[in-house]
Amino acid sequence: GDSVTQMEGPVTLSEEAFLTINCTYTATGYPSLFWYVQYPGEGLQLLLKATKADDKGSNKGFEATYRKETTSFHLEKGSVQVSDSAVYFCALLSGNTPLVFGKGTRLSVIA
Amino acid sequence: EAGVTQSPTHLIKTRGQQATLRCSPISGHTSVYWYQQALGLGLQFLLWYDEGEERNRGNFPPRFSGRQFPNYSSELNVNALELEDSALYLCASSLKGIRTNEQYFGPGTRLTVT
């Protein structure tokens, strides 16, 4: 079945550091790919998405590129802030099935 | 525009009891999804309702059930609660269909089973 694998956390970075959270997927067909963010005590918010190969999703300084050849959708940000501390989930949508999520990566940014 | 709302925020039950969780989707959304977020297990899909009908179901036992009302709000029922049912239950809604429509999540209901 479809699955998403993302890097284990927690990830701890200093403010203004570069962030990469790796995400790879297994799916039949051509899935849409998403990154969701969960701030402490809140539900999930859609951060960015890409619906076809080579698409780049971007939002709030975060970006991720849909790479079909490596089945990856890595999340990057050039300069993280303390307010970016949250749990990040990679997810895919394929066919007529609901979202399949990775296990989440907790990011802590220290000043 | 109001987002997805869920109630209650927290729910404490004892093993063997039943729990009922409620979700109101964003106005105009007809699809409602339920997910379980248990510690260390990530997010697992539970149920999908669209226009009053169950469209898909995750790999959960039958004691997890639900329904969707004519106003598109939804209820999740968990019977014969077990300790491992303790989790954050998230509801999401979207416009009809899921292939391209984004899912918007509520803040969740934290269920604790003692």
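Heads up: the structure comes first, above all this text.
All figures in this text were calculated on a predicted structure; none of them were measured in a lab.

Visitor: Please provide a residue-by-residue account of the overall build of chain A, values included.
Guide: Looking only at helices and strands, chain A features zero helices and 12 strands. Going residue by residue from the N terminus, the α and β elements of chain A occur as β-β-β-β-β-β-β-β-β-β-β-β. By principal-axis analysis of the C-alpha atoms, chain A measures approximately 45 × 25 × 20 Å. Buried residues in chain A amount to 45% of all 111 residues. A sequence separation of at least 24 residues applies to 55% of the contacts in chain A between residues at least 6 apart. By element, 49% of the accessible surface of chain A is carried by carbon and sulfur atoms, the whole surface being about 5,200 Å². Each charge class in chain A can be summarised by its mean position, and for the 9 positive and 11 negative side chains these summaries are 5 Å apart.

Visitor: Explain the sheet that holds strand E8 (residues 62-65) of chain A to me, and be specific about the residues and the numbers.
Guide: Residues and elements named next belong to chain A. Pairing is antiparallel in the open sheet, where four strands are placed in the order E3-E9-E8-E7. The open sheet is flanked by strand E3 (19-21) and strand E7 (56-59), the only strands paired with a single partner. Shown here is a sheet whose adjacent strand axes are inclined to one another by a mean of 15°, direction ignored. Where E7 and E8 come together, four bridges link them in antiparallel fashion.

Visitor: Mind laying out the interface of chain B and chain A, listing which residues take part and the relevant values?
Guide: Facing 18 residues of chain B, the contacting portion of chain A comprises 19 residues. Summed over both partners, the interface of chain B with chain A comes to about 1,600 Å²; 55% of that surface belongs to carbon and sulfur atoms. Linking chain B to chain A there are zero salt bridges. Applying the counting criterion to the chain B and chain A interface returns two residue pairs in polar contact (both at pLDDT 80 or more). Elements with a minimum of two residues in the side of chain B that touches chain A: strand E4 (31-38), strand E5 (42-50) and strand E9 (87-94) of chain B. Residue contributions to the side of chain B that touches chain A peak at four residues, all from E5 of chain B. Looking at side-chain class alone, the side of chain B that touches chain A contains nine nonpolar, seven polar and two charged residues.

Visitor: Give a detailed account of unusual backbone geometry, specifying residues and quantitative values.
Guide: In most cases, non-glycine residues show a negative phi, while peptide bonds are predominantly trans. In this structure, the amide linkage connecting Gly-9 of chain A to the following residue, Pro-10 of chain A, adopts the cis form with an omega of -5°. Here Pro-10 of chain A shows up in the loop between strand E1 (3-6) and strand E2 (11-14). That bond from Ser-7 of chain B to Pro-8 of chain B is cis: its omega, -10°, falls within 30 degrees of zero. Tracing the backbone through its elements, the reader meets Pro-8 of chain B in the loop between strand E1 (5-7) and strand E2 (10-13). In this structure, Glu-16 of chain A takes a positive phi of about 75° despite not being glycine.

Visitor: Explain the pairing of strand E5 (residues 32-38) of chain A to me, and be specific about the residues and the numbers.
Guide: Residue and element names in this part refer to chain A. In terms of residue burial, E5 counts as a mostly covered element, since seven of its seven residues are buried. Covered by surrounding structure in E5 are Ser-32, Phe-34, Tyr-36 and Gln-38 together with Leu-33, Trp-35 and Val-37, the residues of both alternating faces. Pairing of E5 with strand E10 (residues 86-93), which is carried by seven bridges, proceeds in the antiparallel orientation. Pairing of Phe-34 across the sheet is with Ala-91, part of E10. In the sheet, E5 pairs with strand E6 (residues 44-50) via six bridges, with the strands oriented antiparallel. Bridge pairing in E6 links Trp-35 to Leu-48. Between E5 and E6, which pair antiparallel in sequence order, lie five residues; one of them, Gly-41, sits at a positive phi of approximately 75°.

Visitor: How would you sum up the environment of Glu-84 of chain B? Please name residues and give values.
Guide: Residue and element names in this part refer to chain B. Summarising the element assignment, Glu-84 is placed in the loop between strand E8 (74-78) and E9. Residue classification places Glu-84 among the exposed positions, given a relative accessible area of 53%. In this structure the C-alpha to C-alpha distance between Glu-84 and Thr-114, which are 30 residues apart in sequence, comes to 9.7 Å.

Visitor: A description of the sheet that holds strand E7 (residues 64-68) of chain B should follow, citing residues and the corresponding values.
Guide: All names here are of chain B. Spatial strand order, E1-E3-E8-E7: four strands in an open sheet with antiparallel pairing. Two strands in the sheet have a free side with no partner beyond their single neighbour: E1 and E7. With strand direction ignored, the average angle separating the axes of adjacent strands in the sheet is 20°. Sheet analysis places E1 next to strand E3 (residues 19-24), joined by three bridges and oriented antiparallel. If you follow Thr-5 over to E3, its bridge partner there is Ser-24.

The rules behind the values
- Residues numbered from 1 in each chain as written.
- Chains lettered and ligands numbered in written order.
- Predicted model: local features only at pLDDT ≥ 70, side-chain atom pairs only at ≥ 80, totals over all residues.
- Heavy atoms only, no water.
- Helix = DSSP H or I, 4+ residues; strand = E, 2+ residues; numbered from the N terminus.
- Buried < 20%, exposed > 50% of the residue type's maximum accessible area, 1.4 Å probe, protein only.
- Contact = heavy atoms within 4.5 Å.
- Areas by Shrake-Rupley, 256 points an atom, 1.4 Å probe, with all protein chains shown as cover.
- Lys, Arg positive; Asp, Glu negative; His and termini not counted.
- Charge placed at Lys NZ, Arg CZ, Asp CG, Glu CD.
- Pairing = 2+ DSSP bridges.
- Axes fitted to C-alpha atoms, helices over the stretch in contact; angles between N-to-C directions.
- Buried area = accessible area lost by both parts, 1.4 Å probe.
- Salt bridge = Lys/Arg side-chain N within 4 Å of Asp/Glu carboxyl O.
- Polar contact = N/O pair within 3.5 Å; in protein donor to acceptor, adjacent residues only side chain to side chain.
- Nonpolar A, V, L, I, M, F, W, Y, C, P; charged D, E, K, R; others polar.

Without other data, these values stay purely geometric and don't point to any function.
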